[in-house]
Number of protein chains: 4
Amino acid sequence: MCKRTNPRGSRTGRPRSTEADTAILEATRAALVELGWSKLTMGDVAGRAGVAKTTLYRRWANKNELVVDAVAVLFDELELPDLGSLQADIEHVVLQFAALLERPETKTALMAVVAESTRDEPLRERIRASIVDRQKRLVLAGRERAQRRGELPDEHPVSTVAALDDLIFDVVAGAVVHRALVSAEPVDGPWAARLSALLLGGLGAAAAR
Amino acid sequence: MCKRTNPRGSRTGRPRSTEADTAILEATRAALVELGWSKLTMGDVAGRAGVAKTTLYRRWANKNELVVDAVAVLFDELELPDLGSLQADIEHVVLQFAALLERPETKTALMAVVAESTRDEPLRERIRASIVDRQKRLVLAGRERAQRRGELPDEHPVSTVAALDDLIFDVVAGAVVHRALVSAEPVDGPWAARLSALLLGGLGAAAAR
Amino acid sequence: MCKRTNPRGSRTGRPRSTEADTAILEATRAALVELGWSKLTMGDVAGRAGVAKTTLYRRWANKNELVVDAVAVLFDELELPDLGSLQADIEHVVLQFAALLERPETKTALMAVVAESTRDEPLRERIRASIVDRQKRLVLAGRERAQRRGELPDEHPVSTVAALDDLIFDVVAGAVVHRALVSAEPVDGPWAARLSALLLGGLGAAAAR
Amino acid sequence: MCKRTNPRGSRTGRPRSTEADTAILEATRAALVELGWSKLTMGDVAGRAGVAKTTLYRRWANKNELVVDAVAVLFDELELPDLGSLQADIEHVVLQFAALLERPETKTALMAVVAESTRDEPLRERIRASIVDRQKRLVLAGRERAQRRGELPDEHPVSTVAALDDLIFDVVAGAVVHRALVSAEPVDGPWAARLSALLLGGLGAAAAR
DNA sequence: GCCTAAGCGAGACGGTACGTCTAGTCTTGGT
DNA sequence: ACCAAGACTAGACGTACCGTCTCGCTTAGGC
């Protein structure tokens with residue numbers, strides 16, 4: 001999560017304050033809400049957290065890594081309750097994800113750190129570990145549940161299944177992000193319904209709605 | 001494109017140097033390639049273009065607007081030749097778009113300006129006008145061509161058609177961007193084939209590949 | 001005085017603000033009075049002068065050089081009016097110099113920059129040019145005047161005279177500084193009288209007072 | 001020398017390490033040689049001494065007091081062997097003192113702590129006790145010896161004698177320091193001879209050399 | 001062929017944030 | 001009570017950019 005010099009935690013010296021850890025992450029989210037990514041400053045975060053700037057830099061190398069850690073936890077809120085059909089499950093997770101992207105701390109931060117990550121391999125890895133891979137579980141769970149229900153065939157080899165999971169993930173997440181942040185149009189029930197229809201039956205099915 | 005004080009263009013005074021215009025945009029793209037979005041500075045661009053900083057600010061209000069203009073023209077390269085089937089057309093445009101996102105000047109700049117735009121309405125409008133809406137023509141053309149070919153039904157009301165165009169746009173563009181920049185996996189032929197199968201026939205069809 | 005990139009002053013670009021120059025030097029002296037050398041900060045000086053920190057650094061490389069320039073002008077106040085005898089002239093300049101060293105902006109700054117100069121050759125040169133050599137004129141004038149009065153012989157070779165001037169300078173300035181700042185005893189009329197007696201007639205003469 | 005909480009030395013608890021005391025003072029002198037006053041840091045001294053920063057602060061209230069103690073001992077090297085005449089004694093002590101001021105640990109530290117002391121009364125007192133007053137013994141001894149030799153009259157009242165001692169001290173020490181550190185000229189045999197001639201016989205005598 | 005308004009390169013300006021450094025204090029566990 | 005280690009607050013450092021503002025000079029229309 002944040003850098004520790006000693007592998008198994010040093011035994012000597014004053015230990016890091018865990019209160020500072022949480023105060024900093026909360027302050028970061030608050031600053032994101034108020035200021036957005038580009039106006040967020042380390043000094044401001046330190047001030048909000050009641051902490052010296054050095055305490056931030058002792059834990060995170062730079063703004064990007066701090067923000068990734070601060071935002072990552074929000075993505076753990078996403079859940080996939082069994083609503084009885086794949087269609088309903090998809091619509092539900094799409095709306096949940098859209099609600100998350102509506103929040104000011106995520107909408108500005110997510111794109112910004114992804115943008116930075118195109119030039120910063122360690123940051124990309126951190127994003128993948130903290131955010132991206134953690135959400136793939138939703139696709140996995142949904143697909144397996146649909147197979148159990150018989151909504152999807154399950155005789156395919158493992159590699160095909162993995163490729164399909166990746167595809168679904170990129171399509172759903174990408175479509176929602178693009179709709180919400182690039183097109184800047186609402187991700188609402190009808191749109192979610194059209195998207196899930198497209199996924200289940202292709203363009204023809206989507207057009208029929 | 002860039003701000004002109006007088007509505008119909010002032011008749012008096014020294015006219016703006018068009019050489020400066022193009023030199024600045026080229027310098028901006030070069031700086032994006034070398035430095036990426038976050039390390040690009042106005043002073044550096046001015047230096048590369050052999051131009052004073054004032055000359056930049058006379059034309060663009062800030063870094064974001066300059067970068068949008070510098071990058072926008074690249075998106076006009078996208079074309080949609082008739083390859084005989086909707087499937088082929090989709091795969092072709094997906095690969096074209098992916099190639100564009102591979103270029104360092106686009107990959108870092110696109111996400112960054114979108115991130116900024118979440119807090120900057122004029123910037124969002126500029127992005128929409130310069131980049132987003134310009135690419136919707138591809139969806140429009142592809143969908144109409146498919147209808148002419150009989151691959152898609154065409155009796156739907158206009159509003160439904162528009163909503164479908166928007167959906168396709170968000171799904172295709174979103175999926176490619178997400179795959180390329182977030183998942184950081186290659187957008188290659190097989191993946192494009194799977195995506196187009198999904199669009200045409202839904203998950204079942206995609207799984208069959 | 002302060003660094004100028006172009007030798008005879010660049011013709012191009014916005015010229016340096018001379019108001020800023022004087023405001024900064026005045027602010028520096030005010031800060032020295034209030035805070036002393038070690039608590040004086042560049043940011044504070046900038047704030048007092050109503051100027052950005054960069055404007056300070058554009059003119060002076062560091063705190064030391066700024067302080068030397070700010071304090072140097074104070075030393076130009078020293079004068080050597082003809083009081084009729086070498087003894088009176090010496091006592092007068094000693095008391096003047098002591099009054100200067102009483103001022104808080106000089107007393108703390110002078111020793112501090114001299115201390116720094118032991119590790120910084122350019123600074124030593126600046127001190128010599130701005131402060132030290134400028135005061136040697138007093139010794140020169142006083143010695144010549146005494147020779148005209150016949151209080152001192154004048155048939156010596158030039159090199160001997162120069163060595164004597166240097167000696168007098170180090171003895172008088174050194175004694176006053178040491179008395180005022182190291183011994184921290186008052187430099188008053190009686191002490192000045194004893195010192196001048198010593199200079200004129202040696203220990204025996206000083207003891208006789 | 002350094003602070004002890006209990007007046008007669010506490011009986012309870014672990015006693016302070018005397019090895020640490022000497023290691024710290026040696027490390028301080030070494031750091032002064034390498035870095036000079038302004039770049040010397042407490043952390044660096046602690047590191048060199050193989051000691052925790054806390055251990056420094058347990059003994060000295062701050063950097064200045066530590067440096068005064070570290071340097072003070074060097075001044076105890078000064079001696080006043082009987083060379084047979086006042087003139088020879090003066091020249092000898094002048095050259096000794098100059099040699100001391102040549103050493104990097106003294107030249108930078110002495111002026112720096114004096115500068116600090118202009119704003120710090122306890123520090124001034126510590127300097128006086130540790131350094132200044134300790135050297136006055138040389139003046140006292142030299143003057144008494146000269147009186148015994150008959151080189152100086154000895155019928156003066158005590159107050160006059162004390163004032164003369166102070167004057168000699170300020171003149172000699174001040175002149176050497178000023179020559180060495182401000183004028184930055186060598187304090188060599190000829191200069192020492194001129195200075196002692198001045199002291200013994202005044203300007204006329206000094207000019208005659 | 002002048003006049004004049006705007007553009008131009010250069011670079012100083014006020015501001016703001018950066019990431020680093022140091023001072024001096026505090027908190028661990030261990031001697 | 002001491003010690004080593006190292007985290008802590010506070011705040012200055014010097015640098016880098018931003019976007020604005022003079023400067024003196026250039027350039028092309030309109031007169």
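Remember, it's a predicted structure, so these values are computed and weren't measured experimentally.

Chemist: So what about the interface of chain B and chain A? Which residues, and what values?
Modeler: Taken residue by residue, the interface counts 56 residues in chain B and 55 residues in chain A. Buried area between chain B and chain A, summed over both chains or domains, comes out near 4500 Å², and the portion from carbon and sulfur atoms is 65%. Of all residues in chain B, Arg119(B), Asp170(B) and Leu203(B) give up the largest surface area on contact with chain A, accounting jointly for 15% of the area buried on that side. In this structure, the connection of chain B to chain A is made through two salt bridges. Residue Asp170(B) is joined to Arg179(A) by a salt bridge in which the shortest nitrogen-to-oxygen separation is 3.9 Å.

Chemist: Describe the domain arrangement of chain A, and please don't skip the residues or the numbers.
Modeler: Residue and element names in this part refer to chain A. Each assigned domain of chain A is listed with its residue range as follows: domain 1 (18-71) and domain 2 (72-208). Placing a centre on the C-alpha atoms of domain 1 and another on those of domain 2 gives a separation of 28 Å. Every contact between the two is made by 13 residues of domain 1 and, on the other side, 17 residues of domain 2. For the pair domain 1 and domain 2, the summed buried area comes to about 1300 Å², and 66% of that belongs to carbon and sulfur atoms. On the domain 1 side of the contact with domain 2, Trp 37, Val 68 and Val 71 bury the most area, a combined 45% of that side's loss. One can count two salt bridges joining domain 1 with domain 2. Arg 126 is the partner of Asp 69 in a salt bridge, and the nearest nitrogen-oxygen pair spans 3.1 Å. Inspection of the region where domain 1 meets domain 2 yields seven residue pairs in polar contact (both at pLDDT 80 or more).

Chemist: Quick one: what's the story with the packing of helix H4 (residues 63-75) of chain C against helix H7 (residues 121-149) of chain C, residue by residue and with numbers?
Modeler: All names here are of chain C. Running from N to C, H4 and H7 point in directions that differ by 5°, and their axes come no closer than 10 Å. In terms of their interaxial angle, H4 and H7 are classed as roughly parallel. For the pair formed by H4 and H7, the contact residues are Asn 64, Glu 65, Val 68, Asp 69, Ala 72 and Phe 75 on the first element and Leu 123, Arg 126, Ile 127, Ser 130, Ile 131, Gln 135 and Arg 137 on the second. Split into classes, the residues belonging to the contact of H4 with H7 amount to six nonpolar, three polar and four charged.

Chemist: Account for the relation of the copies chain B and chain A, with residues named and values stated.
Modeler: Think of it as a corkscrew move, a rotation about one axis and a shift along it, taking one chain copy to the other. After a rotation of 179° and a shift along the axis of 0.0 Å, chain B superposes on chain A with an RMSD of 0.2 Å. Given the turn and translation reported, the copies of this chain are related as if by a two-fold rotation axis. Here 98% of the interface residues in chain B have copies in chain A that are interface residues too; the copies meet face to matching face.

Chemist: Could you give an account of the packing of helix H1 (residues 18-35) of chain D against helix H6 (residues 104-117) of chain D, with specific residues and numbers?
Modeler: Residues and elements named next belong to chain D. Put simply, H1 and H6 touch, their axes get as near as 8 Å, and they point 90° apart. The pairing of H1 with H6 is recorded here as roughly perpendicular in orientation. Within the contact between the two elements, H1 uses Arg 29, Leu 32 and Val 33 and H6 uses Pro 104, Glu 105, Thr 108 and Ala 109.

Chemist: Go over the UniProt feature "DNA-binding region" (unreviewed entry) in chain A, please, and point to the residues and values.
Modeler: Under the present numbering, the feature "DNA-binding region" (unreviewed entry) in UniProt falls on residues 41-60 of chain A. Measuring from the first to the last C-alpha atom of residues 41-60 of chain A gives 13 Å, for a span that is 75% helix and 0% strand.

Chemist: So what's going on with the UniProt feature "domain: HTH tetR-type" (unreviewed entry) in chain A? Residues and values would help.
Modeler: Per the UniProt record, "domain: HTH tetR-type" (unreviewed entry) is annotated on residues 18-78 of chain A. For residues 18-78 of chain A, helix accounts for 75% and strand for 0%, while the C-alpha atoms at its two ends are 26 Å apart.

Chemist: Could you give an account of the relation of the copies chain C and chain D, with specific residues and numbers?
Modeler: Least-squares fitting of chain C to chain D yields an RMSD of 0.2 Å, with the transformation described by 0.1 Å of translation along the axis and a rotation of 180°. Same-surface contact between copies: 96% of interface residues of chain C are shared with the interface of chain D.

Chemist: Can you explain the interface of chain C and chain D? Please cite residues and give values.
Modeler: Opposite the 56 residues of chain C that make contact, chain D presents 54 residues. Interface area, chain C with chain D, both sides summed: about 4500 Å², of which 65% is carbon and sulfur. Taken as a group, Arg119(C), Asp170(C) and Leu203(C) account for 15% of the area that chain C buries against chain D, more than any other trio of residues on that side. Applying the counting rule to chain C against chain D returns twelve residue pairs in polar contact (both at pLDDT 80 or more). For the side of chain C that touches chain D, the secondary-structure elements that each account for two or more residues are helix H1 (18-35), helix H6 (104-117), H7, helix H8 (158-182) and helix H9 (189-208) of chain C. If one sorts the elements of the side of chain C that touches chain D by residue count, H8(C) sits on top with 16 residues. Split by residue class, the side of chain C that touches chain D holds 32 nonpolar, twelve polar and twelve charged.

Chemist: An account of the protein's contact with DNA strand E is requested, with residue identities and associated values reported.
Modeler: Neighbouring DNA strand E are 44 residues; Tyr57(A), Thr55(B), Thr55(C), Arg58(C) and Arg59(C) lie closest to it. Near the protein, meaning within 4 Å, the atoms of DNA strand E are sugar or phosphate in a fraction of 61%, with bases accounting for the rest. One of the side-chain N or O atoms of Arg59(C) is found 2.7 Å from a phosphate oxygen in DNA strand E. Taken together, the residues that form the surface near DNA strand E break down as eleven nonpolar, 20 polar and 13 charged.

About the thresholds
Residues numbered from 1 in each chain as written. Chains lettered and ligands numbered in written order. Predicted model: local features only at pLDDT ≥ 70, side-chain atom pairs only at ≥ 80, totals over all residues. Heavy atoms only, no water. Contact = heavy atoms within 4.5 Å. Buried area = accessible area lost by both parts, 1.4 Å probe. Salt bridge = Lys/Arg side-chain N within 4 Å of Asp/Glu carboxyl O. Domains from an automatic or database assignment. Polar contact = N/O pair within 3.5 Å; in protein donor to acceptor, adjacent residues only side chain to side chain. Axes fitted to C-alpha atoms, helices over the stretch in contact; angles between N-to-C directions. Helix = DSSP H or I, 4+ residues; strand = E, 2+ residues; numbered from the N terminus. Parallel < 35°, antiparallel > 145°, perpendicular 65-115°, else oblique. Nonpolar A, V, L, I, M, F, W, Y, C, P; charged D, E, K, R; others polar. Least-squares fit on C-alpha atoms with pLDDT ≥ 70 in both. UniProt positions renumbered as here; feature names shortened; annotations may be inferred. Near = heavy atom within 4 Å.

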